[in-house]
Amino acid sequence: MAALKVSVISPEATLFEGEAPSVTAPAFDGEVGILPLHAPMVTVLGAGVLSIGGGATRFQVEGGFLQVVDDVVRVVTEKASKL
Amino acid sequence: MAKGRELKGRIKSVENTRKITRTMEMVATSKMKRAQDRVVAARPYARALADVIASLYNPELAERFPLLRQPAKESRAAVILLTSNRGLAGAFNANLIKEARTLLARLEGAGTQVEMHVVGKKGVGYFKYINRALAQSRTDITDRPTAADAASLVDALMARFIAGELDAVYVVGSRFNSVLSTPPTADRVLPVQPPAAKGAQKDYLLYPSAEAILTELLPSYVRNAVYRALVETVAAEQAARRTAMKNATDNAGEMLNLLRRTYNRARQAQITQEIAEIVGGASALQG
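Quick caveat: nothing in here was measured; it's all calculated off a predicted structure.

1. Structural notes on a nonpolar patch on the surface
Thought 1: Where nonpolar side chains cluster on the molecular surface, the patch consists of F28(A), L205(B) and Y207(B) and spans about 270 Å² of accessible area.
Thought 2: The residue Y207(B) is located in strand β6 (residues 205-207) in this model.

Here it is, written out as structure tokens:
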């Protein structure tokens, strides 16, 4: 199965860049899970834990947005800290 | 050997100055590298934001967003001028102030009321000197500006723009094209000029809606524009300081060569004279 290319980007730096089989993100209205072959999507994020690859890498995020297109996931947020 | 001692004193003093300028050059070089890294690190975020905004933007939506409002006439504007806290960077601050003055003259010539927001001791000092009132003067932003600094600068202005108290916001700072090219520029950050979409548009699923996403992203976009200006100005400042200090070091070296040559010539002339005197004295004794 294809993997997702995931990057977590804050204004100051790219906090994470790598491949992962799945991503779980805190969307504005609850958690959203993303697997490969997801349809192109843009969603606003709320506050919560962003988990990449089933919890291998986790970030506390607040606000910002998530973009999925062609198995590339970009999490763009002003407030993110690694857990 | 009065002249010799005087020359020696000058040589010493120029040597000391050269030590200082050389150190400053090296410090500026390393600071510039780090600032440059931050400029590069800030790019993915800007690109991601611009990408998404470009793909969501359409002119019909634009009318509903206060941040995209294009006033027919700019009757009140704010100018944010970014300068450095420290001097000894050549014409860096002078160029920025000149750029700001050009912009001020242009806006005021068109009948716009302009308020100045100045970052950095050098800019604040200048406007104090010409007795112009500042709406905001900030000297607390360091060599490592953060996204929070940018937010604290522009958030209040954004709120006032939305409320209709301001018609435009400009940022005057240095763009960091490369180490040798750091031209002062004036950019309009408000109203937002939506980035142009490039390439084929994807059909995105949008949650909750295009409108809600834009509401969230447009302020980030403005803050990021200011953050980018802050980071680039710091990098440009260090580049300018490095160049200025390199020139100063080179000039000190040239001056030292000249002084040393003069000193040695004077020393040799004195020795020659002494020998001539001794020889003269001895031959006088022999009679």
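2. Some words on the pairing of strand β9 (residues 72-76) of chain A
Residues and elements named next belong to chain A.
Thought 1: Burial within β9 is extensive, with 4 of its 5 residues counted as buried.
Thought 2: As paired strands, strand β1 (residues 4-9) and β9 are joined by 5 bridges and run parallel to one another. The residue bridging S7 from the neighbouring strand is R74, located in β9.
Thought 3: Sheet analysis places strand β8 (residues 65-69) next to β9, joined by 5 bridges and oriented antiparallel. In the sheet register, V68 faces β9, and the bridge partner there is V73.

3. So, the sheet that holds strand β10 (residues 79-82) of chain A
All names here are of chain A.
Thought 1: Pairing is antiparallel across the open sheet formed by 5 strands, whose spatial order is β4-β3-β6-β7-β10. Sheet topology places β4 (30-34) and β10 at the edges, where each strand pairs with a single neighbour. For this sheet the average axis-to-axis angle between neighbouring strands, irrespective of direction, equals 25 degrees.
Thought 2: Across 6 bridges, the pairing between strand β6 (residues 47-52) and strand β7 (residues 57-62) is antiparallel. Within β7, the residue paired with V49 across the bridge is Q60.

Conventions and cut-offs
Residues numbered from 1 in each chain as written. Chains lettered and ligands numbered in written order. Predicted model: local features only at pLDDT ≥ 70, side-chain atom pairs only at ≥ 80, totals over all residues. Heavy atoms only, no water. Patch = residues over 30% accessible without salt bridge, like charges linked within 9 Å, V, L, I, M, F, W, Y side chains within 5 Å. Areas by Shrake-Rupley, 256 points an atom, 1.4 Å probe, with all protein chains shown as cover. Salt bridge = Lys/Arg side-chain N within 4 Å of Asp/Glu carboxyl O. Helix = DSSP H or I, 4+ residues; strand = E, 2+ residues; numbered from the N terminus. Buried < 20%, exposed > 50% of the residue type's maximum accessible area, 1.4 Å probe, protein only. Pairing = 2+ DSSP bridges. Axes fitted to C-alpha atoms, helices over the stretch in contact; angles between N-to-C directions.

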